[in-house]
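Close look at the chain arrangement
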Amino acid sequence: MISILSSTPVSPVSPITNVLPLSMVLFVSLVKEAWEDWKRFQNDKTINNTSVDVLQDQKWETVSWKNLQVGDIVKVKQDGFFPADLLFLASTNADGVCYVETANLDGETNLKIRKALEKTWDYLTPEKAFEFKGEVQCEQPNNSLYTFTGNLIIEKQTLPLSPNQLLLRGCSLRNTEYIIGAVVFTGHETKVMMNSMNVPSKRSTLERKLDRLILTLFVVLFCMCLIGAIGSGVFLDRKYFFLGLRGPALSADMNPSNRFVVALLNMFTLITLYSPIIPISLYVSVEMIKFIQSTQYINNDLHMYHVETNTPALARTSNLNEELGQVEYIFSDKTGTLTRNLMEFFKCSIGGELYGTGVTEIEMGEAQRNGIKVDEVHKSSNTVREKGFNFDDARLMRGAWRNEPNPDMCKEFFRCLAICHTVLPEGEETPEKIRYQAASPDEAALVAAAKNFGFFFYRRTPTLIYVRESHVEKMGKVQDVPYEILNVLEFNSTRKRQSVVCRYPDGRLVLYCKGADTVIYERLAEGNNDLKKTSREHLEQYGAAGLRTLCLAYRDLCSDTYENWNEKFIQAKSSLRDREKKLDEVAELIEKDLVLIGCTAIEDKLQEGVPTCIETLARAGIKIWVLTGDKMETAINIAYACKLINNDMKQFIISSETDDIREVESRGDQVEIARYMRDAVKNQLKKCHDDAQNYLRSLSPPKLALVIDGKCLMYALDPSLRVMLLNLSLNCTSVVCCRVSPLQKAQVTSLVKKGARKITLSIGDGANDVSMIQAAHVGVGISGLEGMQAVMASDFAIAQFRFLTDLLLVHGRWSYLRICKVVTYFFYKNLTFTLTQFWYTFQTGFSGQRFYDDWFQSLYNVIFTALPVIMVGLFDKDVSASLSKKYPELYKEGIRNTFFKWRVVATLAFFALYQSLIVYNFVIASSTNSVDSSGKMFGLWDVSTMAFNCIVVTVNLRLLMMCDTITRWHHISVGGSILAWFMFILVYSGVYTPRGIYSVFYVLISTVYFYTTLLVVPIVALFGDFLFQGVQRWFFPYDYQIVQEMHRHEPDSSSAGLLEIGNQLTPDEARSFAVAQLPREKSKHTGFAFDSPGYESFFASQAGVLAPQKPWDVARRASMRSRAKTPRKN
Amino acid sequence: MMNSNATSSSSGVAGSTEISTPRRNSKRPKYSKFTQQELPACKPILTPGWVISAFMLVSIVFIPIGVASLFASRDVVEIVDRYETACIPPASKSHKVEYIQSSEDKTCNRTLRVLKRMKQPIYVYYQLDNFYQNHRRYVKSRSDEQLKYVRSENDTSACKPEDNNGLSIVPCGLIAWSLFNDTYSFSRNNQQLTVNKKGISWKSDREHKFGEKVYPKNFQNGKLIGGAHLNSSIPLSEQEDLIVWMRTAALPTFRKLYGKIEVDLQENELIQVAVENNYNTYSFNGKKKLVLSTTTWLGGKNDFLGIAYLTVGGLSFFLSMAFTVVYLAKPRRLGDSSYLSWNRNPGGH
């Protein structure tokens, strides 16, 4: 707009000088946008060109994803991703069943079962599938992952469709050779994509605040212009005959008989004159800085390069760098982000004896905090490490358990592990080659543990479990023992335990039971309190160490008791109504008088460095919320493991898993359930909220933690309760939301983002995190694994959770500091410059005469002051990277936005005002008197060139004053800018132009006056800043300044350390501690968490549909299939 | 540019110590001091010592300069005589504008007393007040091309309303049109003092901005006479009064060099000045002053600069003393970790 104005006759400056910088600015930003778009396009292309088999003319043709159409019949092979939402028609498995992994959608890794309609089972071969003619009627595309209603009309029969026949895009096929499906929804209509919200174009908060600053500047500009305009209207008078205000051709802007028009037109003149107050080049400079920051720094940081997956960090947008320096809330997914989704058998306690010498990450951190320096214990050479087993204790290995105090107990322990489960063995029946297929990794870990202890479970038939037992009768003897499985009492969330009744070959009847400590302890036989007590202590110890615990127990049964019970069991099993409930009741009858064997501790393997990272982030004032699709117990357990929750915290748990809610649910009236739930949630929330307020009012308020599950969250997010939820959760140090859907994750994120106006960051790895990643201010995706959706939606992609430390504390913080400095500096330099122009207006009869030459004005921003500030944006750092991480508290300055408050801006504006007055008045003083011994006088252009000269020097020196580090690039750029000005003016005023500026500079440098002024003006102008900075640092130091001083004698942490340790963290973190004896922490939390196959699939439970098939049956069938297949191969 | 530079200096180190030798498809970022943000840098910390010594340095440098320039300024002898009111005959006091526009003889005699011995050269200035030579309309009402080149004679588009009156005016524009036309002649003891009017303009103006072959044409031929007439037989490059006038002043109060008196004037001598009071400043209530001044290496009388230097130097000295006292009385140990906000109020925030 300014450019347009400048081309009109009212302008005091020539148009080209205004248009040129503007077009430069526009051009640079255009190029940048184009480049980013092109990159995005490349990414989309890769996905779109993934190929899939589509049925065409009775043959499978390979077609890329983008060409897929609704109605196509596709074939998806094992481990393949579904390219669209498919209607499941047929599978190579018997019974039209297939297994899908939904980790990308909800983070759960246990396999889900999908079953095709019986009618369509046969369409497996291309020839057959070609005959398939059907019509699908279904609901409109929507974002609910857990519902689907529709009809398949085939051969004039209408068959109802349920979510069970729908294979969602983003899931992958497991344990099934291939399946045939018909495409129902493609592309943006798929449920996953519907769940991902519109990709919002994200701008950083700082930038939004910058907009407000610019707006303020516009207001200031307007005020300045208004003052000038009114002045000009009042000033203009015919009495100033030398202005020649006469004649018919007098233009309107100089016609004293119509003062209003004069003022109005002068307003526009002044707008062009004062337009440099708006820093146009600010945006492009900031973008350039951010672009280099992200492409050169973040993408190339060796600290954030993950060797194992060969993944460097990736900044997918350069808009949000400084946002990383102000994050206050982190929303993290659990599986794949915090944990590796790897369960490892880690420790156990048998008969009151602790086994396993491993040290968890938590314990290591604990030891470090307590200053225990334990010699690094080298892992004993006999440590067996394989998937699911990370146990280090020779006392139990290779039959050594026979020499332990209670070998019988050990034997029972191992048998319980080997028998009481629902795992399917797969592959060759040797310990090395066998693979266990379990619905949960915990189970697989337990069975693998039994294998390593010498109880190798290798075959399952519908009625038998074969275990190859070693060292049982005497050392070294190996025998195959078939155990007859009589009953399986399944796991579910109410029972929290699982039992198997088996018959030994010798006829002994035993019930093995494993489950949560609470439920097992209730059902133990009287006596043996010592064992119970020690085991309880062990459980607590494990819990505190962040391990997942299970209690093992057994009961010998006499055949009479069993027969009696079995009758009831069969009855219950065949009952038609309330079968579940009846089965539970029957199970109660036999699961009693148990004998405790011991307990197991499984490590839900955290990603490397997660607890340390979380602790660092917490010290940095960042609050971390875990949002997971997992169960409450698992989530709480991980929260413990990550040190998000500890026992000193007051926990609020809002759960839908209470007895009364369950009772209401069992009645099945949806309206009633909703009403009841709402009330229940409201009451719980209110209670928690009041409690929280009470706690906070107390003298030493404890830290609070909130745990809430998805169902409750659904009601708590209701507008009426939302405020209370927000208040409560903001008071909590950590919040864990479990069993939440992807959309809820996004809702929680935006609750904090919008409700609390805090800066949020979401981090996740799967498709289920996409909406959350997009909802947050900053989205971070975990890259390096298979799924790409999270990364594609994210703003930054890192390989490991722990890299957040670097991303936030180093890159984010620096970026924030730098951008703040750049923005405030731009503001300052343009204000200073324009104000001198403004003061001059008062001396020119408000006529809008420019003080500076056109070219001075337009090159001021693009040449004379541009480069140094970019150097600051690139190189400035207050403290080094390692100190940033050593003092995470420094990050709080970003959260509080210390460096871009209005107060900071006002201070700067004050100094800009001061400096402009100094420069203007000192220079103007020179024009009233002769300036050299020859008695000649300065004219307008001499004065203005001198003023500009002083401004360029002052402003550039001011930049050096606000640098915390000065590299040679600073020197070069600052020196270069000042030099560029001198070069420019030497040439510009040296070459003849029909302008006043010609030869002015040569006149100036011939006078002594010029040099004395040049010396005094910048120093006086910067005097105030210097004093302010000195006093501020001396008496009110910022934290970073103290840290600078503390480490002022240390050389910058050089790259040497980094290179030596390759990709390790700082040497401090990389040290591996082994702690033999840990301070025992008393804990109520025992860390029970167990993913069991009995638990209904999350999909089904959300939709209120019961999974029609019990996984146990499925497992059995699957095992038969695998057995059936083996001989065929042979 | 920076990138490559930094890489070359450090790549040798990087290659030898790396544990995982980069495979061909490794995405491991290359090490460079630039990308790892480890460029060597000095980290200035504004410690109290620095603050005190900086202030000290400023005072040490500034006070002598201030004293020197103040002395220089005090050496200057300046005589200022405001004459625009005094030069109106009492009869015309009520209608000054009509008087000045009339064609009668407007010579007016003034007597100046030399307060202090004035060494030659003595510069004669006229000073106008409330005259907006810096008004936007005024500043641009000239044609620099026309002043320099004969061929640009008709290049008068910027000069409105004084562009042409049938023929192009040379020099055109309001600036030239309003050329100052008061004249002064000085005498001492009835003996004429010659005023040298050569070399009163900047050399560059004379030689490069005003053409040697450009002669005034058609100048002051309009109905309204703005100011002085020009001798149309002298080229513009020698019309030094015009050249001085055309270097427009920055402020509405300005002095312009009129000439030089190249003899010493003794203390208490009386100088008679015959002023031809032609120029109209009465319509806009502008003052007219005649100034006689000597100069030093720093130019004319200018206490401002000296005072500024002295003030800043003195203030710096005072501040450095004050800081020293504070530093001795209540020192803050550098890098005292108890000043860290999280140590000051634990549990806060």
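Details of the structure are given in the entry above.
For every chain, the first residue of its written sequence is number 1, and the numbers climb from 1 along that sequence. Working convention: letters from A go to chains and numbers from 1 go to ligands, in the order in which they are written. Where totals are concerned, whole chains, interfaces and linings use all residues; where local detail is concerned, this predicted model gives features only for residues with pLDDT of at least 70, and gives and counts side-chain atom pairs only at 80 or more. Only hydrogens and water are removed before side-chain values are computed, so all heavy atoms of the structure are retained for them.

**A look at the overall build of chain B**
Numbering of helices and strands runs from the N terminus; a helix is a DSSP stretch of H or I covering at least four residues, while a strand is a stretch of E covering at least two. Helix and strand content of chain B: ten helices and twelve strands. A globule of 349 residues ought to have a C-alpha radius of gyration of about 20 Å, yet chain B, at 33 Å, is considerably larger. Along the first, second and third principal axes, the C-alpha atoms of chain B reach 100 × 60 × 45 Å. Burial status follows relative accessibility: with a 1.4 Å probe on protein chains alone, a residue under 20% of its type maximum counts as buried, one over 50% as exposed, and anything between as partly exposed. Considering chain B as a whole, with its 349 residues, one finds that 51% of them fall into the buried category. Only the protein chains shown count as cover for residues, and the accessible areas themselves come from Shrake-Rupley with a 1.4 Å probe. As displayed, chain B has an accessible area near 16,600 Å², and 55% of this comes from carbon and sulfur atoms. A residue counts as positive if it is Lys or Arg and as negative if it is Asp or Glu; His and the chain ends are not included. Charge coordinates come from a single atom per side chain, which is NZ of Lys, CZ of Arg, CG of Asp or CD of Glu. In chain B, 45 side chains carry a positive charge and 30 a negative one; their mean positions are 12 Å apart. Radius of gyration: over C-alpha atoms. The globule rule applied is 2.2 Å multiplied by the number of residues raised to the 0.38 power.

**Topic: the pattern of salt bridges**
It is possible for side chains of opposite charge to pair when their charged atoms get near one another. Residue and element names in this part refer to chain A. Basic side-chain nitrogens of Lys or Arg form a salt bridge, by our definition, when they fall within 4 Å of a carboxyl oxygen of Asp or Glu. Under the counting rule described, the total for this entry stands at 52 salt bridges over all chains. Of the charged contacts in the structure, one is a salt bridge between Lys-687 and Asp-691, with a shortest N-O distance of 3.9 Å. With a gap of four residues between them, Lys-687 and Asp-691 both fall in helix α19 (residues 670-697), about one helical turn apart. Across the pair Lys-745 and Asp-769 runs a salt bridge whose closest N-O atoms are separated by 2.7 Å. Highlighted residues: Lys-745 in helix α22 (residues 742-755) and Asp-769 in the loop between β32 (760-764) and α23 (770-775), separated in sequence by 24 residues. Of the two residues, Lys-745 and Asp-769, neither departs from the other in class, the shared state being buried. Counted as one network, the salt bridges with shared partners bring together Arg-203, Glu-207, Asp-211, Lys-290 and Glu-322.

**Observations regarding the state of the cysteines**
Each disulfide consists of one covalent bond between the sulfur atoms belonging to two cysteines. Residue and element names in this part refer to chain B. Here, a disulfide means two cysteine sulfur atoms that sit within 2.5 Å of each other. Taken as a whole, this structure holds two disulfides over all chains when the rule is applied. For Cys-159, the disulfide goes to Cys-172, at an S-S distance of 1.9 Å. Of the two residues, Cys-159 sits in the loop between α5 (144-148) and β5 (164-165) while Cys-172 sits in the loop between β6 (167-168) and α6 (174-177), which places them 13 residues apart along the sequence. Accessibility classification places Cys-159 together with Cys-172 in one group, the buried group. Take the cysteines of chain B that form disulfides and number them in order along the sequence; they join up as 1-2, 3-4.

**Describing the packing of helix α34 (residues 1008-1035) of chain A against helix α2 (residues 48-75) of chain B**
Where α34(A) contacts α2(B), the axes come no closer than 11 Å and their chain directions differ by 155 degrees. In terms of orientation, α34(A) and α2(B) fall into the roughly antiparallel class. α2(B) is crossed by α34(A), and the crossing has left-handed handedness. Side by side, α34(A) and α2(B) meet where A:Leu1015, A:Val1016, A:Ile1019, A:Phe1023, A:Phe1026, A:Leu1027, A:Gly1030 and A:Trp1034 of the first sit next to B:Pro48, B:Trp50, B:Val51, B:Ala54, B:Phe55, B:Val58, B:Phe62 and B:Ile65 of the second. Along the lines of polarity and charge, the residues of the contact of α34(A) with α2(B) split into 15 nonpolar, one polar and no charged. For every element, the axis is a line fit to its C-alpha atoms; helices are fit only across the contacting stretch, and the angle between N-to-C directions ranges from 0 to 180 degrees. Angle categories: roughly parallel below 35 degrees, roughly antiparallel above 145, roughly perpendicular from 65 to 115, and oblique for all the rest. Helix crossings are classified by the rotation of the near helix relative to the far one: an anticlockwise turn of less than a right angle makes the crossing left-handed, while a clockwise turn makes it right-handed. Whether two residues are in contact is decided by their heavy atoms: any pair within 4.5 Å suffices. Side-chain classes are defined by residue name, with Ala, Val, Leu, Ile, Met, Phe, Trp, Tyr, Cys and Pro counting as nonpolar, Asp, Glu, Lys and Arg as charged, and the others, Gly among them, as polar.

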